[in-house]
Amino acid sequence: GAVVSQHPSWVICKSGTSVKIECRSLDFQATTMFWYRQFPKQSLMLMATSNEGSKATYEQGVEKDKFLINHASLTLSTLTVTSAHPEDSSFYICSARDSGSATDTQYFGPGTRLTVL
Amino acid sequence: QKEVEQDPGPLSVPEGAIVSLNCTYSNSAFQYFMWYRQYSRKGPELLMYTYSSGNKEDGRFTAQVDKSSKYISLFIRDSQPSDSATYLCAMRYSSASKIIFGSGTRLSIRP
């Protein structure tokens, strides 16, 4: 199946700093990528939909100025958590839609664990 | 009421048993149904993808969709310890719409 990578796999930062997470589709082009957040023992919650070359669409309750998304190419989307605080500590997962597949399947990355001290 | 309901478990069964995982949903407009497996501290992995009602089989896994009852199931035959993971049901209205996830069921297969 298609592969989606994320970098870094984990990051620890101090409160008030910004953290950038990269999501790459390795063997297909993804015009649309998605960013999710998952708290322990909970399901994935969609944060935003990232479209190549245009502004991201944020879900209700997600601060667009805090979670900056850039989808600069067909294989790369980045999520920047600005001025991170301990409550932002979570597991961040991206997915990429393979629009070239018959089923328009979304493939998920391995996730990035963010810990804010 | 949540759009997608899934028993969080945990569910523990002996190796070799048949496992049945289920989800119910409230909106009849859902057309695409998926099951994902997620190991601890990893991203979800797509296991089964079904459009509309019916059954789909892939190896030891069988997915069933009953749209009249708004009920979907995943069966795992000859369960293995390596099947121990969280299983997430998911669905969406169209091939381009966002995915709505269930809360996930934690499954443990005892050797």
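Residues numbered from 1 in each chain as written. Chains lettered and ligands numbered in written order. Predicted model: local features only at pLDDT ≥ 70, side-chain atom pairs only at ≥ 80, totals over all residues. Heavy atoms only, no water.

A. Just the overall build of chain A, in detail. The helix and strand tally for chain A stands at zero helices and 11 strands. Reading the helices (α) and strands (β) of chain A from amino to carboxyl end gives β-β-β-β-β-β-β-β-β-β-β. The globule rule puts the C-alpha radius of gyration for 117 residues at 13 Å, and the 14 Å found for chain A is close to it. Summarising its shape, the C-alpha atoms of chain A cover approximately 45 × 25 × 20 Å along the three principal directions. Contacts spanning at least 24 positions in sequence make up 54% of the contacts within chain A whose residues lie at least 6 apart. Split by element, the accessible area of chain A, about 5700 Å² in all, is 52% carbon and sulfur. Averaged over its 10 positive side-chain charges, chain A has a centre that lies 7 Å from the centre of its 10 negative ones. (Helix = DSSP H or I, 4+ residues; strand = E, 2+ residues; numbered from the N terminus. Rg over C-alpha atoms; globule rule 2.2 N^0.38 Å. Contact = heavy atoms within 4.5 Å. Areas by Shrake-Rupley, 256 points an atom, 1.4 Å probe, with all protein chains shown as cover. Lys, Arg positive; Asp, Glu negative; His and termini not counted. Charge placed at Lys NZ, Arg CZ, Asp CG, Glu CD.)

B. Spatial organisation of unusual backbone geometry. In this structure, A:Pro8 follows A:His7 across a cis peptide bond, with omega equal to 0°. Relative to the assigned elements, A:Pro8 resides in the loop between β1 (4-7) and β2 (10-13). In this structure, B:Pro10 follows B:Gly9 across a cis peptide bond, with omega equal to 10°. With respect to the secondary-structure elements, B:Pro10 resides in the loop between β1 (4-6) and β2 (11-14). With a phi angle near 65°, B:Arg41 is a residue other than glycine that sits in the positive phi range.

C. Representation of the sheet that holds strand β3 (residues 19-25) of chain A. Residue and element names in this part refer to chain A. Across the sheet, which stays open at both edges, the four strands sit in the order β1-β3-β8-β7 with antiparallel pairing between neighbours. Edge positions in the sheet fall to β1 and β7 (67-73), since each of these pairs with one other strand and no more. Here the average twist between neighbouring strands, direction ignored, is 15°. Sheet topology places β3 next to strand β8 (residues 76-81); six bridges connect them, and they run antiparallel. In the sheet register, Val19 faces β8, and the bridge partner there is Val81. (Pairing = 2+ DSSP bridges. Axes fitted to C-alpha atoms, helices over the stretch in contact; angles between N-to-C directions.)

D. Focus on the layout of surface pockets. Here the largest pocket is characterised by a volume of approximately 590 Å³. Around the largest pocket, the lining comprises 23 residues; the ones closest to its centre are A:Pro40, A:Lys41, A:Gln42, B:Thr86 and B:Arg106. For the lining of the largest pocket, the secondary structure elements donating two or more residues are β9 (85-92) and β11 (105-110) of chain B. In terms of residue class, the lining of the largest pocket is made up of seven nonpolar, 11 polar and five charged. Considered as a void within the structure, the second largest pocket measures approximately 470 Å³ in volume. In terms of lining, the second largest pocket is formed by 21 residues, of which the most central are A:Leu44, A:Met45, A:Leu46, B:Ile100 and B:Phe101. Where the lining of the second largest pocket is concerned, the elements lending two or more residues are β5 (45-51) of chain A together with β10 (100-101) of chain B. Considering each element in turn, the lining of the second largest pocket owes the most residues, three residues, to β5(A). The residue inventory of the lining of the second largest pocket, partitioned by class, reads 10 nonpolar, six polar and five charged. (1 Å grid on protein atoms, 1.4 Å probe; cavity = no way out; pocket = protein on both sides within 12 Å on 5 of 7 lines; lining within 4 Å. Points joined across faces, edges and corners; volume = space filled by probe spheres on them. Nonpolar A, V, L, I, M, F, W, Y, C, P; charged D, E, K, R; others polar.)

E. Local environment of the interface of chain A and chain B. Tallying the contact residues gives 19 residues for chain A and 19 residues for chain B. When chain A packs against chain B, close to 1500 Å² is buried across both sides, 53% of that on carbon and sulfur atoms. On the chain A side of the interface with chain B, the three residues burying the most area are A:Ser43, A:Gln106 and A:Phe108, jointly 27% of the side's total. For the pair chain A and chain B, the number of links is one salt bridge. (Buried area = accessible area lost by both parts, 1.4 Å probe. Salt bridge = Lys/Arg side-chain N within 4 Å of Asp/Glu carboxyl O.)

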